[in-house]
Amino acid sequence: MLGRSGTIRGCYTLEFWQYRALSSPPPELHRVHYPAGSRSRKSHAEPGAVQLSSAQINQVLKANEYSHTLPRGPASHGVLGFYSNTLPSNQPSEDRRSNATCLPGRGGVLFGVFDGHAGSACAQVISQRLFYYITVAMLPLKMLQELEWAVEEDRAVPPLLEWHKHPQDPSCLDDGAISFHSLRNYWQERLEGEEDGEQEEGVTSALVDAFCRLDYDLSVEAQAQLLQSSPRKMSLPGEGLALSSPLRVALSGSTTCVAYVSSGVLHVANLGDSRAVLGVQEQDGHWSAISLTNDHNAQNPDELQRVLGEHPPSEHRTAVRHDRLLGLLLPFRAFGDVRFKWSPEMLNQLYESGPNVRSAVSGSVWGLPPHYLTPPYLSAQPEITRHLIRPADKFLVLATDGLWELMHRQTVIQLVGDHLTGLQHQRPIIPRVDMTLGSLQRLLLERQRRVQAVLEDQNTATHLLRHALGDDGYGAVAPNRLAKMLSLPSDLARRYRDDITITVIHLNEL
Amino acid sequence: MVASLPSPFIRGQHRTLLPSAARSPLSDNAVPCAVQRVNSMFMVPHPPDVVVIGGGSLGCQTIYHLAKMGISNAVLLERDRLTAGTTWHTAGLLWQLRPSDVEVELLAHTRNVISKDLEEETGLHTGWIQNGGLFIASNKQRLDEYKRLMSLGKVYGIESHVLSPAETKDLYPLMNVDDLYGTLYVPKDGTMDPAGTCTTLSRAATTRGAMVIENCPVTGIQVKTDDFGVKRVKAVETPHGTIETPCVVNCAGVWATKLGEMAGVKVPLIAMHHAYVVTERIEGIQNMPNVRDHDASVYLRLQGDALSVGGYEQNPIFWEEVSDKFAFSLFDLDWDVFMQHIEGAINRVPVLEQTGIKSTVCGPESFTADHKPLMGEAPEVRGFFLGCGFNSAGMMLGGGCGRELAHWIIHGRPEKDMYGYDIRRFHSSLTDNKRWIRERSHESYAKNYSVVFPFDEPLASRNMRKDPFHQILTEEGCVFQERHGWERPGWFNKDGPAPVKDYDYYGAYGIRTNINYKYNELLGKEYTFNFPPHHDIKSECLSCRHGVVVFNMSYFGKFYLTGPDAKKAADWLFTADVNKKPGSTVYTCMLNRRGGAEADLTVSRLEPGAANLPLAPESDGDAYYLAVGGGVAEHNWNHIRSVIQDRGFRCQLTDHSEDMGMISIQGPKSREVLQEVLDSDLSNNAFPFSTHKVVSAAGHQVRAMRLSFVGELGWELHIPRDACIPVYRAVMAAGAKHGIINSGYRAIDSLSIEKGYRHWHADLRPDDTPLEAGLGFTCKLRSSIPFQGRERLEKQKEEGLKRHIVCFTIDEKIPMFGLEAVFRNGVPVGHLRRADYGFFIDKTISYGYIRHPDGGVVSSDFIKTGDFTLERMGVTYKATAHLKSPFDPENKRVKGIYS
């Protein structure tokens, strides 16, 4: 299987055969999400912290910038292009992002942001594998059959995805064999079981199916590894679990927010507390924010009801405690996190396994969660929103909760709108009746400062980052505040800001 | 011929008095006005001599002056109502002092019309308020500029005072004077009311027989081609019928470009948003003068007991889609663009900080490449006149320009030197170049309040026309000047090339500003009213006087006049007798009907023969080669063409300006240098002054012409384009041992004024006759040959000259630039037209026209017996008057006599 490489031409790759080793060290922090109360936005200068120059600030902010313009025409599926950026707080970052064009079948463009927890392994794998699952879930059976024949006959496999990646985005370290095997199983099962359904609603069910199937596969792959690495099989001293080992992936977790645009229709599939917000320009020119996702956490009453409803009333006080699943996990839906999904028996087997497995996970996730009575507690079934793109829908912002905890969605949309409209098209100001020339002058100077900040960044996602971190409370960026936020030593940074990943998808010309 | 029209025109006599519906929303003056509505049945019995299109300031002023000058059947068509386009929202400021003598005269006439004439004629008040004007100077150079204006004002009897900050505070207690250097107070400046003025003008015009018709859009202009192939205006089409007329005046403001298109006429203007803000009431502001704070780019106009605040910003908003439906309409004010003015205004009058805003006025205004209007007969179509592109000064300049336009229409040319406003000042290749219009208009707008320095050059849209030497001279460090689209050499910088870059809009609109812009830095160094850093102009000048230099004068206009009537045309066009034997070259003037000098040029009579283009046209009879200054080529071209058309001469005028380059090698050593390059004997006998022949230069045929614009021995070489570089290299190689250097027009300007040669549009203008200009020697008055303008000259000769040019030198080492006042025995008698430093005589030398204070004849005795002083920035300097230039008065050097 390994020797069979797919056609790899240009940027089209079946990437899961082509993994590079990740050079960054394994994660040290294994925190089940961030501690409550870390939202303090009070910034205080740390002794010895070096103040960054504006050039250094820009270097940090722009290191992970990426943008791509799609060629006009049907192949763009109505997407003009996108801007993306990510700023780590954890070292290394636990956020991931993916953007790709689906090539066969109905085609479309896929965007995803992934917020990992308890390590980045799960987020990493999801960011690489999910889009293939989605593609397979949506492909007509006839094409799947051709794919299967090609693999079977050892022929070149037509590419499924064209990735739009920042070169520095981490790549997976898996050898790809297992994941390819799983994916092939998936399409083989579709070939055996399904009837072809190419209708619109097919997308919704395909997305749900792809999510669930991938989560299931992660689980199965981990169980397979667990059985192989039973205590009887002694591992060599010092040999830990590879970062990408299925167990490590399944023991960590990841929220996921994916947007799929095809033929003028937008689908958003969400799992957890990342968000997709649509920027709509109203007739009078002003900007409205439309949320296309619901957070899957305790703040969402419907979601709380869903979780509680899935467990006996006796667990009402234990299934969700302190706004967390079983008092531990903030998001109520996620990939991975099998210790909130597996049966107690399976988990006990995990916990009894050898030191190499144990070494893969930190103490905080060791041992059965309290009141672990009726698993699964955590779901990987995404919530799907379908939206017909209208001319007034100008852009979509996908971002992990690192952004949303710093900035209200209306502010986000306003900033992006103003940025895209640019200086000349800034919304006209209409002075209040009682305004004096002096007060108007001050207001105008303020606006000018804001416009100058707009011009600093070509990349809208970077612009959002700059504002999210440097906001002076009046809609402008305070350079000092920004410098402080970016100069925080890595052990402190996480207390003031989470990893932030933003992708702004440009849907219609302004 | 009687054109009977189906509907809306009325006989001049049947008009009804209607209250003005065209009142500006800002105006409180209701002036009844005789205006025709198209909704009743009208008829025009005779084809009107003139149809004015556009009922704004210019249209109203033009028809008023036409009527006053005797055109009693002119018609004005306004698409909506009077002033509806841009006039109604104009701020209406009138300043009397501007850094141009012609503009001062134009403004004075406007002031007369609105403050006096109209009231006398109609008994109506135009709304004129004489509250005075105050110019603010925040630095010395600005105050220097104002002092220059003050001195000029004395010549015209315009009262003005330079005030200290404390005196300014006394005059205007609400003003912050802490950061002031000084001010210029002009008590008789004031504020006009656009609606009141226009309605009164139309009333006065209709009283004299003119017709003003509102709600009558023009839908087309018919142009016919006559038997000579000349395009002429035939008729104006409206929805209510067609009006036959030989003459149309385009006063359509921002819509003038569209109107021009109807006749195939290019109207190079661009519409921009221009705004002001009216404040709430300000206690203590009543009767304060209008304020123009140039350094802050803002003006503060008195508006009853409040102020209007406006200005010229760096990033004006262009109005891209000029809409036809914009009567009495405004744009939303873009406060982000306007904000730059608020700061300046609050700084000047701090109480504004606490003052509220009553209303904002942001309307379209038309702007042009050099912030000067577009006037005169369009080169494309005879009978199509322009009166547009007034750069938000249409009210202020309207009276003066309306009169000139009327004169232009009736007499063929204006009374004053209107070249600065004449559409012919732009080369025809530029007037439809969108980039050029936009860039230049932007720069002129943004720099409108900048100090007008003598040696400034534009940065916008340069390099439009380049001659064959451009590249090689750029490498030699040439600092170019822009004239008529051409890049012509200004002077040569020894520190290496200083090329002109693409326009950066001064960083506006987010455009990246040019950095390390050497050309711009060099320009900046000359922003002074002291001696400019003379760079190497002195060494260029002295090299020309003592050695030899080469001037690239390729931008010259180079025309051939041929055809059966060529001799007749030459006799009529040129003041001098150009019909010397072939091979001669004659310096001559061309005059308008009133004897004013429309041009000076050299005319070379050619041998008949087969075509040898571009060096010689085909001709079997009379043929002439005309070389005219490159900056006025379009004007010369059109003047000649119009005269030929008007007189029906059968001849051709062909333009070979771009087919040939031209270098002029001048100086005592020029003969030695050229003798090595040319295959012809250059001795005085074989090649005397004022002759020309086709010779071989380094193996290339060129036309050599023994002439000088600097008063030295020298030759011009007119060279076919492809031969330019090899001939230039041969000249430079031969000249190396004689120390030949490149030189430019800054040196020519200095050398030529030292010699006493005229510059057209400076010390020789259409309002000067050659006799007044000391160019009587160019006029064939002793022959009997008639020529255009001859009668006037004969009359002048008989009656004696009422004004005459005089050369002045001063002993103090003080620079002068023109516009300085001339006093004879303490009485103002004129002002300087042109001044420069003569490096050979080592003096500031200048020319001005003087009059007799009694209006009598200016005799040579009057000049010789006077004690003359020149006033510059309020300081007087004793001057020596010369009847002839003190440099080489015996005119030996051009003849090669150096002793």
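As the structure is a prediction and not an experimental result, all values here were calculated from the model.

K.L.:
Just checking my understanding: could you explain the interface of chain B and chain A for this structure?
P.N.:
Reports often express the size of an interface as the amount of accessible area lost when the parts come together. Across the boundary between the two partners, chain B contributes 14 residues, which contact 16 residues of chain A. Roughly 1,400 Å² of surface becomes buried between chain B and chain A when both sides are summed, with 62% attributable to carbon and sulfur atoms. Contact with chain A buries area across many residues of chain B, yet Trp335, Asp336 and Met339 of chain B alone supply 40% of it, more than any other trio. Our enumeration of links across chain B and chain A arrives at one salt bridge. Ionic pairing is found between Glu353 of chain B and Arg442 of chain A, a salt bridge with its closest N-O pair at 2.7 Å. Connecting chain B to chain A are four residue pairs in polar contact (both at pLDDT 80 or more). A breakdown of the residues in the side of chain B that touches chain A according to their chemical character gives seven nonpolar, four polar and three charged.

K.L.:
Hey, could you run me through unusual backbone geometry in this one?
P.N.:
Excluding glycine, most residues fall at negative phi; most peptide bonds, likewise, are trans. Note that the residue after Pro375 of chain A, namely Pro376 of chain A, is joined by a cis bond; omega there is -5 degrees. Note that Pro376 of chain A resides in the loop between helix H9 (355-358) and strand E13 (383-388). Residue Leu613 of chain B is joined to Pro614 of chain B through a cis peptide bond whose omega torsion reads 5 degrees. Note on placement: Pro614 of chain B falls in the loop between strand E27 (597-606) and strand E28 (623-628). One non-glycine residue, His761 of chain B, lies in positive phi territory at about 75 degrees. As for its placement among the helices and strands, His761 of chain B is situated in the loop between helix H17 (745-755) and helix H18 (790-799). The exposure class assigned to His761 of chain B is partly exposed, which follows from its relative accessible area of 33%.

K.L.:
Help me out: how do you make sense of the nonpolar core in this one?
P.N.:
Generally speaking, soluble globular proteins have nonpolar side chains that are buried together. Among the nonpolar cores identified, the biggest contains 144 residues, and Val50, Leu77, Tyr172, Trp335, Leu352, Phe384 and Cys401 of chain B are the most heavily contacted of them. It is helix H8 (residues 394-411) of chain B that provides the largest number of residues to this core, a total of eight residues.

K.L.:
Explanation requested: the pattern of salt bridges in the structure shown.
P.N.:
Residues and elements named next belong to chain B. In this structure the tally under the stated criterion is 65 salt bridges over all chains. Here Arg833 makes a salt bridge to Asp101, at a shortest N to O gap of 3.9 Å. One end of the pair, Arg833, is in strand E37 (residues 827-838); the other, Asp101, is in helix H2 (residues 101-122), with 732 residues separating them in the sequence. By relative accessible area, which is 11% here, Arg833 ends up buried.

K.L.:
Before we go on, may I ask you to explain the pairing of strand E9 (residues 287-291) of chain A in this structure?
P.N.:
Looking along a regular strand, one sees side chains alternate from face to face of the sheet. Residue and element names in this part refer to chain A. With five bridges joining them, strand E8 (residues 275-281) and E9 adopt antiparallel strand pairing. Paired with Val280 across the two strands is Ser288, which belongs to E9. The antiparallel hairpin formed by E8 and E9 contains five residues in its connecting segment, where Gly285 sits at a positive phi of about 95 degrees.

K.L.:
I tried to follow the environment of Asn552 of chain B on my own but got confused; where do I start?
P.N.:
Residue and element names in this part refer to chain B. Here Asn552 shows up in strand E24 (residues 549-552). Residue Asn552 is classed as buried on the basis of its relative accessible area of 5%. Sequence spacing of Asn552 and Asp101 is 451 residues, and the spatial spacing of their C-alpha atoms is 31 Å. Setting aside residues up to four positions removed in sequence, Asn552 forms contacts with Asp467, Phe469, Leu473, Pro489, Met662, Ile663, Ser743 and Tyr745. A distance of 2.9 Å separates polar atoms of two side chains, one belonging to Asn552 and the other to Asp467.

Rules of the game
- Residues numbered from 1 in each chain as written.
- Chains lettered and ligands numbered in written order.
- Predicted model: local features only at pLDDT ≥ 70, side-chain atom pairs only at ≥ 80, totals over all residues.
- Heavy atoms only, no water.
- Contact = heavy atoms within 4.5 Å.
- Buried area = accessible area lost by both parts, 1.4 Å probe.
- Salt bridge = Lys/Arg side-chain N within 4 Å of Asp/Glu carboxyl O.
- Polar contact = N/O pair within 3.5 Å; in protein donor to acceptor, adjacent residues only side chain to side chain.
- Nonpolar A, V, L, I, M, F, W, Y, C, P; charged D, E, K, R; others polar.
- Helix = DSSP H or I, 4+ residues; strand = E, 2+ residues; numbered from the N terminus.
- Buried < 20%, exposed > 50% of the residue type's maximum accessible area, 1.4 Å probe, protein only.
- Core = buried A, V, L, I, M, F, W, Y, C linked by side-chain atoms within 4.5 Å.
- Pairing = 2+ DSSP bridges.

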